[in-house]
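Observations on the model geometry
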Amino acid sequence: MSPRPHAPDHYEFRIDGHLDDHWSVWLDGLTLTHEADGTTTLRGAGIDQAKLHGLLTKLRDLGATLISVEAIDRPDPYDGRPAQLSPSDAGDP
């Protein structure tokens, strides 16, 4: 497995059950969203490997049932192809 070229933009954790909003502070400011299916999605940015392991430990200590962890990257606006100018961007010759 090759390492990622950069850290992900943010992480999303899904846990079973609805976690009370006051836990957001203890979980380093993760955003909590109660889903209709009875799960909670927790989202946060700026999470390095040390912080990721700390958050996983905190979720374990809460007794939360972890359903998934996903590293989320925004789409790269530059995909390696040359940019194409529209006629209005090109200006008059």
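The rules we used
Residues numbered from 1 in each chain as written. Predicted model: local features only at pLDDT ≥ 70, side-chain atom pairs only at ≥ 80, totals over all residues. Heavy atoms only, no water. Pairing = 2+ DSSP bridges. Helix = DSSP H or I, 4+ residues; strand = E, 2+ residues; numbered from the N terminus. Axes fitted to C-alpha atoms, helices over the stretch in contact; angles between N-to-C directions. Contact = heavy atoms within 4.5 Å. Salt bridge = Lys/Arg side-chain N within 4 Å of Asp/Glu carboxyl O. Buried < 20%, exposed > 50% of the residue type's maximum accessible area, 1.4 Å probe, protein only. Core = buried A, V, L, I, M, F, W, Y, C linked by side-chain atoms within 4.5 Å. Phe/Tyr/Trp six-rings, centres within 6.5 Å; stacked < 30°, edge-to-face > 60°. Lys NZ or Arg CZ within 6 Å of the ring centre and 35° of its normal.

The strands making up a sheet associate through hydrogen bonds between their backbones, and the pairing can be parallel or antiparallel. Spatially, four strands are ordered β2-β3-β1-β4 in an open sheet, and the strand pairing comes out antiparallel. Every interior strand has two partners, whereas the edge strands, β2 (31-34) and β4 (66-72), have only one. In this sheet, neighbouring strand axes are inclined to one another by 20 degrees on average, regardless of whether the strands run parallel or antiparallel. Looking at chain direction, strand β1 (residues 10-16) and strand β3 (residues 39-45) are connected through seven bridges and run antiparallel. Within β3, the position partnered with R14 by the bridge is T41. Strand contacts of helix α2 (residues 49-62): β1, β3 and β4, with the helix running at about 10 degrees to β1, the strand carrying the most contacts.

Now for the pattern of salt bridges. Between side chains of opposite charge, a pair can form as their charged atoms come close. The tally for this structure, following the rule as stated, stands at four salt bridges. Where R14 meets D37, a salt bridge forms, and the shortest distance between an N and an O atom there is 3.2 Å. With R14 in strand β1 and D37 in the loop between β2 and β3, this pair connects stretches of sequence that are 23 residues apart. Taking relative accessible area as the criterion, D37 reaches 54% and is therefore assigned exposed.

Mapped onto the elements, D16 comes out in strand β1. Between the alpha carbons of D16 and T41 there is a distance of 9.1 Å; along the sequence they are 25 residues apart. Look past the residues within four positions of D16 in its chain and what remains in contact with it is G38, T39, T65 and I67.

Right, let's talk about the nonpolar core for a bit. Y11, F13, I15, L19, L27, L30, L32, L42, I47, L52, L55 and L59 form the largest nonpolar core, which has 12 residues in total. Elements with a minimum of two residues in this core: β1 and α2. Sequence-distant contacts of L19, defined by excluding residues within four places in its chain, comprise L27, L32, H34, T40, L42 and L62.

Turning our attention to unusual backbone geometry. Of note in the backbone geometry, D28 takes a positive phi value of approximately 55 degrees without being a glycine. Topologically, D28 is positioned in the loop between α1 (23-26) and β2.

With that out of the way, let us pick up the pairing of β3. Most of β3 is tucked away, with five of its seven residues classed as buried. Relative to β3, β2 is paired through four bridges, and the arrangement is antiparallel. Bridging from a neighbouring strand, T33 pairs with T41 of β3. The antiparallel hairpin formed by β2 and β3 contains four residues in its connecting segment, where G38 sits at a positive phi of about 90 degrees.

Moving on, we get to the packing of aromatic side chains. The geometry of an aromatic ring pair comes down to the distance between the two centres and the angle between the two planes. Within the structure shown, the criterion is met by two aromatic pairs. When the centroid spacing of 6.3 Å and the interplanar angle of 25 degrees are considered together, the rings of Y11 and F13 count as stacked. Accessibility classification places Y11 together with F13 in one group, the buried group. Judged by centre distance (5.4 Å) and plane angle (65 degrees), the ring pair of W23 and W26 falls under edge-to-face. You can see W23 and its partner W26 sitting in helix α1, three residues apart, about one turn around the helix. The exposure class assigned to W23 is partly exposed, which follows from its relative accessible area of 27%. With a relative accessible area of 35%, W26 lands in the partly exposed category. A cation over a ring is seen here: K58 above W26, with NZ or CZ 5.3 Å from the ring centre.

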